[in-house]
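Listed below, chain by chain, are the residues.
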Amino acid sequence: MSVVDKVKNMVSGEKGRKVAQLDSVSQTVSKDDRITTDFGVKQPTADEWLRVSRDDKTGPMLLEDSYARERIHRFDHERIPERVVHARGAGAFGNFRLFESAEDVTFAPVLTDTSRETPVFVRFSTVQGSRGSADTVRDVRGFAVKFYTQEGNWDIVGNNIPVFFIQDAIKFPDVVHAVKPEPHNEVPQAQSAHNNFWDFVYMHEEATHMYMWTMSDRAIPRSYRMMQGFGVNTFTLINKNGERHFVKFHFTPELGVHSFVWDEALKLAGQDPDFHRKDLWEAIENGAYPKWKFGIQTIPESKEHDFDFDILDATKMWPEDIIPVRYIGELELNRNVDEYFPQTEQVAFCTAHLPPGIGVSDDPLLQGRSFSYFDTQLSRLGVNWQELPINKPVCPVMNFNRDGQGRHQITKGTVNYWPNRFEARPPATLQEGAYLDPPQSVQGIKARTKSAKFRDHYNQAQLFYNSLSPPEKSHVAAAFAFELDHCEDTIVYERMSQRLADIDLELAQNVAEMVGGTKPTKATRNNHGKRAKNLSQTEVQPNKPTIASRRVAIIIADGFDKVTYEAITTTLKASGALPFTIAPRRSEIFPAGVEKMPRNGVQPDHHLEGMRSTMFDAIFVPGGAGSLETLRKSGRAIHWVREAFGHLKAIGATGEAVQLLSQAFALSGVKLSNDNKVVESYGVVTIADVAPDSLKGTVTIAKEGTGFL
Ligand code: HDD
C-alpha cells in the first residue's frame, strides 16, 4: 500500500472531508481502461491520423478525423495564464489541529474547537520567476494556506518574510514591474539583481526593511519545510462578546529555519532546478511529514495606537519581545497531490476568504489585496474558479450566482433570485452562523494619506540587521555585493551604497568597496543599536537538533569497508535521515575482501557525476584501502569533499578515508594532525581507527559560519 493510500485510510472524520470530496471527482488510470474521446467513445488507435493510402504509399490526412483534431485542440489549449507573481510553486495537502482554544479573542470554530481537524492545502512559491524557473533563487517564498473549514474556506496568503515592500496596494504594479525581468529584453529571470529593482527600491524608501530581509539568508531557504510562514498583513479576530483584536498569523517550522549558503543556491539553480519541489515531495512520500506550530500575536482594539509603529503598516513586524506569539495549533502536510495542474496550479487563494470570527483590518495593503486576488482568478481560471475541485469548500455553497464559463454546479428549481415567493435560500442569521461585520464607527476626511508613523522606514530595518548573528550579517553584505554587481548603471549602485549608511555604516562601507561605489565615511542615520528576538534565524530552532529527513551521501568505491558502511547506514536510518550511496559508477560496487561477483556488492543510488554535493546535507566516507586509492585519484570525489566543506556541511570519514579528507583540505586551510584527528575544522569528524560501535548513537547536523559566500 502506498503512503498516500495509507494516509487516505488513516483519514477519518473532518480532515477526511476534503480528500473524500476530491476522490469523488478523481479517476485512476488503469490498464483495464480503453482510450476514448472526451465524449466517451472508445477509439481504435491513438497513433494514426485517418488518411487515404494506396499501394503502401502514405496519402493525405483527412480533416474528418475528429478524434485526432480533438487531441490537437485539447493540446493547443493546455496552458492557462500563469500567475503574474508566484508563478512557480509546489503544493501539498495536510491538516490543521488546534491544541488550545483562542475563544477569548475569536468565535471562529477553526480557532476554538480543539476536537476538530481541519483539512488544508498549502502552496509554496517563489515570486519573481516564471513557472519554469529554478527553486533555489534569491527571492521571497510564498506560503499560502487554504483551510477547508466547516464554515467556509479560510485562506492565509502569506510569505516566509513577515513584512512587505510596500504599504499601499496601489503601488503593487510598480514593485512587481521593477523586480520582474526588464521590459526591453526580458532579463533577468527569477532575480532581483538588476538595475530596475535597485533603482526602484532606492527611490522607494518604504521597501528598505523588506530588502534587508531579502538580502538575508531567509531568501535562500534550504527547504520549504524549514521556513517560517507569516500572514504579513494585520487581520482582526472577533469574540463572542463582539470585542475585536488585531492579529498577525505565524507558522513556525518544527525543523527550525535553515538556509543554503549563496554558492550552494546558485549552483543548485542549474544542477537541480526542482530542488525544493522534490524535497517537499520526497519528505511526504517518506512519511517525514513537515509540521509547523501555528501562532497568533494579538493586540486589543483599544491599544491600536500604543506602539511607535503603525500596527496596520505591512512594512513593520510586531516585535516578539513586546507582543509574544501565542502558539495554539499545528499544521502538518501529509499527502502529495495526485495531479499538479488541477491541484497545485488551479488552486486559487484570496485574502478575503475569511470565516465568521476572523476579519480584515484597515491595513491599506490588505484592503487592495482582497480586490486583486478575486480579480486575478477571473483571468486565470474564469468566473467559476471557486467551483474547481481544489477550491471548492467542504461546506455547502448556496446562492444565486449563476452561469458563466465552465459552470459545474447544477441547481434545480424555478427561481434564481432572492427574495423569492418560496423563501428559498434566505440569508443566514447570526445564530445560524452568518458572517459578522462588527459595527464600527468611521469618520474622517476623504484623502490619499496614511498616519505619520507610516513614514518611518529605518527603525525596523536597523532592528532586523542588528539582530543578526555575525555570519548572517556577512551574508547580507555579500548578497548586496552580488546584487549591485549585476547593476551596470553607476547611479544605481552608487546610490544604494550610500543608502546602506542609513542602516549600518560598516555594512555600507563593505558593500561600497565591493561594488565600486563611493565608500561612505559617516552614518547618514544613527543606528539605534536595538535588537529583537527571533529575527535571527539562528534563534528559530527546535529545542533538540534533528537529522530527520536530511540527505546524507555515503561515498564509496571498490574495496570499501563494508562494516563501517553498514553501521553508518543503519545509524542514519534509525535517526530518520535519508542515506544515499554514491560511487564512481552506478553499477555494483564491491567491498574489500569479496569476489567481484554479481550481488556480492552494493548497488549505489547515484554516481559522482550524476549528483553533486549540493544535493546533500552531509557526506560520509567509509574507509577501505582500495576505495581510497580510487577516490583520491578522482578530481570529482575531491571536489565533492571540498565543496561540501565550503558549504558548511558536516563531513565524516573513517579509516583510510581520513586521508582523502586531508588531501581534499590541503588547500583549504583545514589542518589534520599527524594522527589524523581533525583540528581547527568545524563540522568535520574523523576516526582513523574505527570501531563499528563508535558509529552508533544520535547523529545531528550542524551548519554555522559563512561558507563560500
Ligand atoms: Fe500577493 C499571489 C503573498 C501582496 C496580488 N501573493 C500571491 C501568492 C502569495 C502572495 C503567497 C501566491 C498564492 C498562490 O500560491 O496561488 N502578496 C502576498 C503577500 C503580500 C502580497 C504576503 C503582502 C502582504 N499581492 C500583494 C498585493 C497585491 C497582490 C499588494 C495586489 C494589490 N498576489 C497578487 C496577485 C496574485 C498574488 C496578482 C498572483 C496570483 C494570485 O494572486 O493568485 O493577485
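Residues numbered from 1 in each chain as written. Predicted model: local features only at pLDDT ≥ 70, side-chain atom pairs only at ≥ 80, totals over all residues.

Asks: Can you break down helix 5 (residues 195–203) residue by residue, with the values?
Replies: Of all the positions in helix 5, only Phe197, Trp198 and Val201 are classed as buried. Burial along helix 5 is one-sided: seen end-on, the buried residues are contained in an arc of 90°. The inward-facing, buried residues of helix 5 abut helix 4 (172–179), helix 6 (208–214), helix 12 (470–485) and helix 13 (490–499). (Buried ≥ 20, exposed ≤ 12 C-beta atoms within 10 Å, placed from the backbone. Helix = DSSP H or I, 4+ residues; strand = E, 2+ residues; numbered from the N terminus. Arc of directions from axis to C-beta. Contact = placed C-beta atoms within 7 Å.)

Asks: Before we move on, can you summarise the site of the ligand with the specific residues and values?
Replies: Close contacts around the ligand come from 26 residues, with Arg83, His86, Gly142, Val232 and Ser372 the closest. Those elements that place two or more of their residues in the shell around the ligand are strand 2 (117–126), strand 3 (141–149), strand 4 (152–159) and helix 10 (364–381). Ranked by residues supplied to the shell around the ligand, first place goes to helix 10 with six residues. A breakdown of the residues in the shell around the ligand according to their chemical character gives 13 nonpolar, ten polar and three charged. (Near = placed C-beta within 6 Å. Nonpolar A, V, L, I, M, F, W, Y, C, P; charged D, E, K, R; others polar.)

Asks: Before we move on, can you summarise the domain arrangement of the chain with the specific residues and values?
Replies: Per the domain assignment, the segments of the chain are domain 1 (89–387), domain 2 (459–539) and domain 3 (551–695). A separation of 25 Å is found between the C-alpha centroids of domain 1 and domain 2. Of the residues lining the interface, 25 residues belong to domain 1; the matching set on domain 2 comes to 27 residues. Taken together, the elements giving at least two residues each to the side of domain 1 that touches domain 2 come down to helix 5 and helix 6. (Domains from an automatic or database assignment.)

Asks: Got a sec to walk through the UniProt feature "binding site: heme" (unreviewed entry) in the chain? Specific residues and values, please.
Replies: Taking the numbering used here, the UniProt-annotated feature "binding site: heme" (unreviewed entry) corresponds to Tyr373. Here tyrosine 373 is to be found in helix 10. A count of 17 C-beta atoms within 10 Å places tyrosine 373 in the partly exposed class. The residues touching tyrosine 373, leaving out its near neighbours within four places in the chain, are Val157, Phe349, Cys350 and Thr351. (UniProt positions renumbered as here; feature names shortened; annotations may be inferred.)

Asks: Can you tell me about the sheet that holds strand 15 (residues 650–654), naming the residues and giving the values?
Replies: The strand order across the open sheet formed by six strands is 13-12-11-14-15-18, and the pairing between neighbours is parallel. The strands lining the two open edges of the sheet, one partner per strand, are strand 13 (606–607) and strand 18 (684–687). Pairing analysis gives two bridges linking strand 12 (residues 578–583) to strand 13, with the strands arranged parallel. Across the sheet, residue isoleucine 582 finds its bridge partner in strand 13, namely histidine 606. (Pairing = 2+ DSSP bridges.)

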